[in-house]
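# Analysis of the macromolecular model
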Amino acid sequence: MLAEKYKKLQSILREMKSVVVAFSGGVDSTFLLKAAVDTLGTEQVLAVTADSESYPSSELEEARKLANIIGAKHQVIETSELAIPGYAENNKNRCYFCKSSLFDHLIPVMEKKGFQNVIYGVIADDLNEFRPGMKAAKEKGIRGPLQEAELFKEEIRELSKRFDLPTWNKPSLACLSSRIAYGEFITKEKLTKVEKAEDYLKSLHVRQVRVRTHQDIARIEVEPNDMPVILENHQLIVKQLQNYGYKYITLDLVGYQSGSMNKALSQ
């Protein structure tokens, strides 16, 4: 079953002939880049990473390393979500504005370099989640081969492991803006505060973490197995996060949930 899905993915990529891959260095885009290079060859694939305010600086270096491991050509471009009209207001269509702008940057790269398609790492799981960015992709003719091949996250992790990709068990990646409650204005300072807080918590060897930000409240989400780490270090964590600008520090007992901020949209 999984082998058939991978063959379908390869068939989709061959039909595209040459691709620019929107490459964040996350589980999905890394696997997509690997599949594209293996299927089409190095000269027919270009990985492009957008360096912006909402992209963790640690991930940029990681993306460079991963592209090198895969043997892919890699280009970094500078973008700014905060300069996009409507983005900083942080309404439910924030991701639409972001993806629309990203693709507006990638399409000229595709045209200038002589590639035929821009692709990104949307997956089958995303069909059941609130993903405004998918609308932007459809409008601009950007394709998602992983979703077209009906590949789900756990299947992508399994294939990544078979291909010896170091991202096979990497925690899910999302932009820093996803940590800020809808309706709360996004600023560079807030994004930096979130990044510093999460980097600190990761230094305590917490695998998956989100510091959801509600004004001056930090709502820490970690996997249940890592909750004891937070509790054992709670005094240090409170002091450090207050130094970053939070007033109140909380631990969400539900634990890490992808897209947990979206719950407010259904209320």
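Residues numbered from 1 in each chain as written. Predicted model: local features only at pLDDT ≥ 70, side-chain atom pairs only at ≥ 80, totals over all residues. Heavy atoms only, no water.

Another aspect to go through is helix α7 (residues 153-162). Those residues of α7 not exposed but buried are K153, E155, I156, R157, L159 and S160. On its buried side, α7 packs onto α1 (2-16), α2 (27-40) and α6 (145-148). Count one or two residues on from α7 and you reach D164, which has phi positive near 60°. (Buried < 20%, exposed > 50% of the residue type's maximum accessible area, 1.4 Å probe, protein only. Helix = DSSP H or I, 4+ residues; strand = E, 2+ residues; numbered from the N terminus. Contact = heavy atoms within 4.5 Å.)

Take the sheet that holds strand β6 (residues 217-222) next. Adjacent strands of a sheet pair through backbone hydrogen bonds, lying either parallel or antiparallel. Ordered in space as β5-β6-β7, the three strands form an open sheet in which the pairing is mixed. The open sheet terminates on both sides in strands that have one partner only, identified here as β5 (209-214) and β7 (248-251). Adjacent strand axes in the sheet meet at a mean angle of 25°, parallel and antiparallel pairs treated alike. Packing against the sheet, helix α10 (residues 234-244) makes contact with β6 and β7, and its axis sits at approximately 130° to β7. (Pairing = 2+ DSSP bridges. Axes fitted to C-alpha atoms, helices over the stretch in contact; angles between N-to-C directions.)

Here, the residues flagged by UniProt with the feature "domain: NAD/GMP synthase" (unreviewed entry) are residues 15-81. The distance separating the terminal C-alpha atoms of residues 15-81 is 32 Å; by composition the span is 45% helix and 25% strand. (UniProt positions renumbered as here; feature names shortened; annotations may be inferred.)

Moving on to the layout of surface pockets. The space that makes up the second largest pocket amounts to roughly 180 Å³. Lining the second largest pocket we find 17 residues, and of these E59, P171, S172, L173 and K202 sit closest to its centre. When residues in the lining of the second largest pocket are grouped by element, the largest group, four residues, is from helix α8 (residues 188-203). Tallied by class, the residues present in the lining of the second largest pocket amount to five nonpolar, three polar and nine charged. Shared between two domains, the lining of the second largest pocket holds at least three residues of each, these being domain 1 (2-163) and domain 2 (176-265). (1 Å grid on protein atoms, 1.4 Å probe; cavity = no way out; pocket = protein on both sides within 12 Å on 5 of 7 lines; lining within 4 Å. Points joined across faces, edges and corners; volume = space filled by probe spheres on them. Nonpolar A, V, L, I, M, F, W, Y, C, P; charged D, E, K, R; others polar. Domains from an automatic or database assignment.)

The next subject is the domain arrangement of the chain. The domains assigned to the chain are domain 1 (2-163) and domain 2 (176-265). Measuring from the centre of the C-alpha atoms in domain 1 to the corresponding centre in domain 2 gives 26 Å. Each side of the interface is counted separately: domain 1 has 16 residues, and domain 2 has 18 residues. The three residues of domain 1 that bury the most area against domain 2 are E53, N90 and R94, which together make up 33% of that side's buried surface. Counting every contact that joins domain 1 to domain 2 gives zero salt bridges. In this structure, the connection of domain 1 to domain 2 is made through eight residue pairs in polar contact (both at pLDDT 80 or more). (Buried area = accessible area lost by both parts, 1.4 Å probe. Salt bridge = Lys/Arg side-chain N within 4 Å of Asp/Glu carboxyl O. Polar contact = N/O pair within 3.5 Å; in protein donor to acceptor, adjacent residues only side chain to side chain.)

Let us look at the pattern of salt bridges. Summed over all chains, the structure comprises 20 salt bridges. A salt bridge links K153 to D28, with the nearest nitrogen and oxygen atoms 2.8 Å apart. Of this pair, K153 sits in helix α7 while D28 sits in helix α2, and the two are 125 residues apart along the sequence. Across the pair D104 and K140 runs a salt bridge, and its minimum N-O distance is 2.9 Å. Within this pair, whereas D104 is found in helix α4 (residues 94-113), its partner K140 is found in helix α5 (residues 133-140), the two being separated by 36 residues in sequence. For K140, a relative accessible area of 28% corresponds to the partly exposed category. Several salt bridges converge on common partners, so that one network encompasses R212, R219, E221 and D252.

Glancing now at the UniProt feature "active site" (unreviewed entry) in the chain. Under the local residue numbering, the UniProt record ascribes the feature "active site" (unreviewed entry) to C175. Those residues within four positions of C175 in sequence are excluded, and the remaining contacts are S54 and Y87.

A separate point is the nonpolar core. If you look at the biggest cluster of nonpolar residues, it comprises 34 residues, and the most contacted ones within it are L9, V19, F31, L33, V45, L146 and L151. Taken together, the elements giving at least two residues each to this core come down to α1, β1 (19-22), α2, β2 (45-51), α3 (57-70) and α7. Broken down by element, this core gets its largest block of residues, eight residues, from α2. Residues in contact with V45, not counting those within four places in the same chain, are V19, V21, L33, A36, V37, L40, K73 and F115. In this structure, Y87, I180, V211 and L251 belong to the second largest nonpolar core, which totals 25 residues. (Core = buried A, V, L, I, M, F, W, Y, C linked by side-chain atoms within 4.5 Å.)

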